[in-house]
Amino acid sequence: MKIAILSGKGGTGKTTLSVNLFSCLKKATLIDTDVEEPNSHLFLKGTTYHDEIVYKKYPVVNHDLCTLCGKCGDFCNFNAIIPAKKKVLVFDDLCHDCGGCRLVCPTNAISYKDKKIGNIYYQSIEENKQFLYGKLTVGEISGVKIIEHLKNITKKEEILLIDSPPGTSCSTVAAIEGADYCIIAAEPTPFGLSDMRMVVELLREEKVNYGVVVNKSNLGNNDIYEYLEKEGIELLESIEFREEFARIIARGELLVDHSDYVKDKMKNIIKKVLGDTYA
Ligand code: SF4
Ligand code: SF4
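On a predicted model such as this, the values are computed, not experimentally measured, just so you know. (Residues numbered from 1 in each chain as written. Chains lettered and ligands numbered in written order. Predicted model: local features only at pLDDT ≥ 70, side-chain atom pairs only at ≥ 80, totals over all residues. Heavy atoms only, no water.)

Chemist: Could you give me a rundown of helix H10 (residues 260-274), with the residues and numbers involved?
Modeler: Taking 1.5 Å of rise per residue, 15 residues should cover 21 Å, and H10 covers 20 Å from first to last C-alpha, within 8% of that figure. Within the span of H10, buried status applies to Val262, Lys265, Met266, Ile269, Ile270, Val273 and Leu274. Angular distribution of buried residues about the axis of H10 spans 135 degrees; they occupy a single face of the element. The exposed set on the far side of H10, more than 90 degrees from its buried face, consists of Asp260 and Asp264. For H10, the elements touching its buried residues are strand S1 (2-6), helix H1 (14-24), strand S9 (181-186), strand S10 (209-215), strand S11 (234-239) and helix H9 (243-250). The N-cap residue of H10 is Ser259: its side-chain oxygen and the backbone nitrogen of Tyr261 are 3.3 Å apart. Once H10 ends, the next one or two residues include Gly275, with phi positive near 105 degrees. (Helix = DSSP H or I, 4+ residues; strand = E, 2+ residues; numbered from the N terminus. Expected span 1.5 Å × (residues − 1). Buried < 20%, exposed > 50% of the residue type's maximum accessible area, 1.4 Å probe, protein only. Arc of directions from axis to C-beta. Contact = heavy atoms within 4.5 Å. Polar contact = N/O pair within 3.5 Å; in protein donor to acceptor, adjacent residues only side chain to side chain.)

Chemist: Quick one: what's the story with the side chain of Lys56, residue by residue and with numbers?
Modeler: Mapped onto the secondary structure, Lys56 falls in strand S3 (residues 47-61). Among the polar contacts made by the side chain of Lys56, one reaches the main-chain carbonyl oxygen of Asp92 at a distance of 2.6 Å. Those residues in contact with Lys56 that lie beyond four places of it in its chain are Asp92, Asp93, Cys95, Asp97, Lys113, Asp114, Lys115, Ile117 and Glu140.

Chemist: So what's going on with a nonpolar patch on the surface? Residues and values would help.
Modeler: A cluster of nonpolar side chains, contributed by Ile82, Leu89 and Phe91, occupies part of the molecular surface with about 220 Å² of accessible area. Counting through the fold element by element, Phe91 comes out in the loop between strand S5 (88-90) and helix H4 (100-104). Residue classification places Phe91 among the partly exposed positions, given a relative accessible area of 37%. (Patch = residues over 30% accessible without salt bridge, like charges linked within 9 Å, V, L, I, M, F, W, Y side chains within 5 Å. Areas by Shrake-Rupley, 256 points an atom, 1.4 Å probe, with all protein chains shown as cover. Salt bridge = Lys/Arg side-chain N within 4 Å of Asp/Glu carboxyl O.)

Chemist: Explain the domain arrangement of the protein chain to me, using residue names and the numbers behind them.
Modeler: Each assigned domain of the protein chain is listed here: domain 1 (2-54 + 118-278) and domain 2 (63-108). For domain 1 versus domain 2, the separation of C-alpha centres amounts to 38 Å. Taken together, the contact pairs five residues of domain 1 with four residues of domain 2. Taken together, the two surfaces of domain 1 and domain 2 that pack against each other cover about 370 Å², and 50% of this comes from carbon and sulfur. By the criterion of area lost to domain 2, the three top residues of domain 1 are Glu140, Ile141 and Lys145, representing 74% of everything that side buries. Taken together, the links from domain 1 to domain 2 amount to one salt bridge. (Domains from an automatic or database assignment. Buried area = accessible area lost by both parts, 1.4 Å probe.)

Chemist: Which residues make up the pairing of strand S2 (residues 28-32), and what are the values?
Modeler: Most of S2 is tucked away, with five of its five residues classed as buried. Neither face of S2 is left uncovered, since the one carrying Ala28, Leu30 and Asp32 and the one carrying Thr29 and Ile31 both have all their residues buried. Of the pairings in the sheet, the one linking S2 to strand S7 (residues 129-136) comprises five bridges and is parallel in character. For Ile31, the partnering residue across the bridge sits in S7 and is Leu132. Pairing analysis gives four bridges linking S2 to strand S8 (residues 160-163), with the strands arranged parallel. Paired with Thr29 across the bridge in S8 is Leu160. (Pairing = 2+ DSSP bridges.)

Chemist: Which residues make up the site of ligand 2, and what values go with them?
Modeler: Near ligand 2 you find Val61, Cys66, Thr67, Leu68, Cys69, Gly70, Cys72, Val88, Cys105, Pro106, Thr107 and Ile110, and these make up its full shell. Grouping the amino acids of the shell around ligand 2 by side-chain chemistry returns nine nonpolar, three polar and no charged. (Near = heavy atom within 4 Å. Nonpolar A, V, L, I, M, F, W, Y, C, P; charged D, E, K, R; others polar.)

Chemist: So what's going on with the packing of helix H7 (residues 190-206) against helix H8 (residues 223-231)? Residues and values would help.
Modeler: Two elements in contact, H7 and H8, have axes separated by 11 Å at closest approach and are oriented at 20 degrees. It follows that H7 is roughly parallel to H8 by the angle criterion. Seen from above, H7 lies across H8 with right-handed handedness. Contacts between H7 and H8 involve Leu193, Met196, Arg197, Val200 and Arg204 from the former and Asp223, Ile224, Tyr227, Leu228 and Glu231 from the latter. The residue inventory of the contact of H7 with H8, partitioned by class, reads six nonpolar, no polar and four charged. (Axes fitted to C-alpha atoms, helices over the stretch in contact; angles between N-to-C directions. Parallel < 35°, antiparallel > 145°, perpendicular 65-115°, else oblique. Left-handed = near helix turned anticlockwise from the far one by under 90°.)

Shown next, in the form of structure tokens:
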């Protein structure tokens, strides 16, 4: 079963939820697909036993064959290839490696070259626990290729947790694609509710089952609970804010190693999503 953990914005406790759920599972693989700012590894402190470079392809134009017909530029949605007056310009940072420009070129003037866009790190945590995270190279615009690679490597895992990028971008869509269930980490503030609604819309479009965990439940207001009830969305758990939690997180430690309260909450979420046998 593939379970994605996501949030409408950063800072809602998505990674905290991911790593603490992972820690409470007897057997699981966790992937951190927030490749622009991965931070699950700061809490899990595993040993890296392998790292792999991820490449993307970008177009190279043979100007002797190019007739400046403009078809590649018309096709590209990302302005990564632009036929100018005298030659075709390629902006490899903007290229999303879709392969389309070569297909539409009538003179076979386009070939592709590889470019490094990031890394994937494999870590062993303990027996039956594996953790992988991706890191996008500074200056690269899209981490989708790395996310797809992470998902492909782990597609046969029995229990896969996917720490997704925040928001509703292409990266988030790539992270949740194929998920059997999504857990939205939210907080009970006006901004938290507004951002969560966008995630709910995305998941409705993608037709994925989901539930919500409300973090810092003792702060903010009741609007989020009223919204969940009105929309018939399952509230998986609500977890209150305590100053000691902030200190534990700031030290890069797992809440479940220090708090039975949080451990019980994590086990309850696992039971609701996966059933008793996994908690
Ligand atoms: S491969 Fe796709 S994204 Fe990249 S330049 Fe060609 S059309 Fe644009
Ligand atoms: S589609 Fe091919 S021939 Fe036309 S402008 Fe692009 S590279 Fe040149």
